[in-house]
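Coordinate analysis (summary)
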Amino acid sequence: MLKQTKENEIIAPRPYDLMWPTLKALKALGGSASNQELVDKIIEVEAYPEEIQKIPHKEGRKTQIEYNAAWARTHLKRVSAINNDGAKGVWVLLDSGDDLLEADMEKIFLASRKIKSENRKRKKDHADVKKNVDLDSSKDADLNEDEINTDDWKDQLLEKLYGIDPYDFEKLCQLVLRESGFIKVEVTKKSGDGGIDGVGILRVNLLSFHVSFQCKRYKSSVGAGDIRDFRGAFVGRGDKGLFITTGTFTSEARKEANRDGAPAIDLIDGEDLCDLLKNLKLGVKTEFIEKVTINDEWFYKI
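The text that follows walks through the structure, step by step, so that each part is easy to find.

About the thresholds
Residues numbered from 1 in each chain as written. Predicted model: local features only at pLDDT ≥ 70, side-chain atom pairs only at ≥ 80, totals over all residues. Heavy atoms only, no water. Pairing = 2+ DSSP bridges. Helix = DSSP H or I, 4+ residues; strand = E, 2+ residues; numbered from the N terminus. 1 Å grid on protein atoms, 1.4 Å probe; cavity = no way out; pocket = protein on both sides within 12 Å on 5 of 7 lines; lining within 4 Å. Points joined across faces, edges and corners; volume = space filled by probe spheres on them. Axes fitted to C-alpha atoms, helices over the stretch in contact; angles between N-to-C directions. Parallel < 35°, antiparallel > 145°, perpendicular 65-115°, else oblique. Contact = heavy atoms within 4.5 Å. Nonpolar A, V, L, I, M, F, W, Y, C, P; charged D, E, K, R; others polar. Buried < 20%, exposed > 50% of the residue type's maximum accessible area, 1.4 Å probe, protein only. Expected span 1.5 Å × (residues − 1). Bend = angle between axes of the 7 residues up to and from the residue. Phe/Tyr/Trp six-rings, centres within 6.5 Å; stacked < 30°, edge-to-face > 60°.

A look at the pairing of strand β6 (residues 207-216)
In this structure, strand β5 (residues 198-204) lies alongside β6, joined through seven bridges in antiparallel fashion. Among the inter-strand pairings, Gly200 is bridged to a residue of β6, identified as Val211. In this antiparallel pair of consecutive strands, β5 and β6, the connection spans two residues, and Asn205 shows a positive phi of 55 degrees. Where β6 meets strand β8 (residues 240-245), six bridges bridge the pair, whose relative direction is parallel. Among the inter-strand pairings, Val211 is bridged to a residue of β8, identified as Lys240.

Rendered as structure tokens:
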């Protein structure tokens, strides 16, 4: 029942295709994992190349494989194969999921779709239950559940960042680092140098670290080659590297950033950058709605 693709077309695996790899990845990780750990392990287990990892999702910040993996987790959660009800949102493999086989995936997928249809029917009496189930659930219009539901404000913020001048983006990153506790933060030169965009010093208690940073205003993914190039530019000139992007990092890029025997590079992707700007109140304002309630008991005691 899997869909055929055009010859030589690069296409991301569908949610259905990622259900069994998700279970295999969870088992390989000891039965629990974060979203990113799961995606990275799936990519490793299935040997998906960077070309597939870099395919962007057309309507959000995630890559297509991250988005489809989120749907795969949702299907497995609906049938109680996995769960993420803990405070940290870590995914856990349940006993029923541990017993599943690859041959069970179609049955599990159809059961998940049936559960969703029944839930929607209970909420809306006029909802129609689909008779012909499409295995490509990435086309599903109802995305209001679990981590699939994205934060609109982050999409809007990233669009703002895509529209500013590249050098202004570097200055914004400079401001973020200063507000985060860095000192002597300098932008070295305008974008396009292919190396270091800036340097700064981070003091932690009695220790100081000289940090080189690079800023990339990408909509796509940063690959392992970009990380290697950046490391080659700052090695011998600083203690640590920091790579900031409005896009995402491929699994290979994250591995390269922490490769044994090489200076470690910390990574900040678009989602992390949005959270930083929000927490630092830089161009992002959080408003709380006032709720007024009447204390009936107080009036009886007058």
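Quick word on empty space enclosed by the protein
Per the stated rule, a full pass over the model turns up one cavity of 30 Å³ or more. Size it by volume and the largest cavity reaches roughly 40 Å³. Around the largest cavity, the lining residues are Val39, Ile43, Gln53, Thr63, Ile65, Glu66, Phe249, Thr250, Ser251 and Arg254. Elements that contribute at least two residues to the lining of the largest cavity include exactly α2 (35-46), α4 (64-78) and α10 (251-257).

Considering the packing of helix α7 (residues 152-163) against helix α11 (residues 270-279)
Viewed as axis vectors pointing N to C, α7 and α11 meet at an angle of 95 degrees, and their least axial separation amounts to 10 Å. Looking at the two axes, α7 sits roughly perpendicular to α11. From α7, Trp153, Lys154, Leu157, Leu158 and Leu161 reach across to α11, where they touch Gly270, Glu271, Leu273, Cys274, Asp275, Leu277 and Lys278. The residue makeup of the contact of α7 with α11, split by class, is seven nonpolar, one polar and four charged.

Points about the environment of Arg73
Secondary-structure assignment places Arg73 in helix α4. By relative accessible area, which is 3% here, Arg73 ends up buried. In sequence terms Arg73 and Leu38 are 35 residues apart; their C-alpha atoms lie 9.8 Å from each other.

Description of helix α1 (residues 15-28)
Given 3.6 residues per turn, any residue in an α-helix points the same way as the ones three and four places further on. Taking 1.5 Å of rise per residue, 14 residues should cover 20 Å, and α1 covers 20 Å from first to last C-alpha, within 8% of that figure. Along α1, the helix axis deviates most sharply at Pro21, where the bend reaches about 25 degrees. Burial of α1 is extensive: ten of the 14 residues sit out of reach of the surface. Burial in α1 covers these residues: Pro15, Tyr16, Leu18, Met19, Trp20, Pro21, Thr22, Leu23, Ala25 and Leu26. A positive backbone phi angle near 90 degrees is found at Gly30, which sits one or two residues after α1.

Some details on the environment of Asp40
Residue position: Asp40 is located in helix α2. You can call Asp40 buried: its relative accessible area is 17%. When sequence neighbours within four positions are dropped, the list of residues in contact with Asp40 reads Ser251 and Arg254.

Here's the deal with helix α6 (residues 105-123)
The end-to-end C-alpha distance of α6 is 27 Å, a good match for the 27 Å that 19 residues give at a rise of 1.5 Å each. Turning to α6, its buried residues number three or more, namely Met105, Ile108, Phe109, Ser112, Arg113, Lys116 and Ser117. In the core, the buried residues of α6 are packed alongside α1 and α4.

Some thoughts on the packing of aromatic side chains
Evaluation of the coordinates by the stated rule reveals five aromatic pairs. Ring centres of Phe230 and Phe234 lie 5.1 Å apart, and the angle between their planes is 50 degrees; on these two criteria the pair is classed as tilted. Remark: Phe234 and Phe230 occur in helix α9 (residues 224-234); sequence separation between them is four residues, near one turn of the helix. Comparing Phe230 with Phe234, the two get one shared label, buried. Ring centres 5.8 Å apart and planes at 85 degrees place the aromatic pair Phe243 and Phe249 in the edge-to-face group. Like Phe249, Phe243 is buried. Taken together, the ring pairs connect Phe230, Phe234, Phe243 and Phe249 into an aromatic cluster.

Nothing here speaks to function; it is all geometry.
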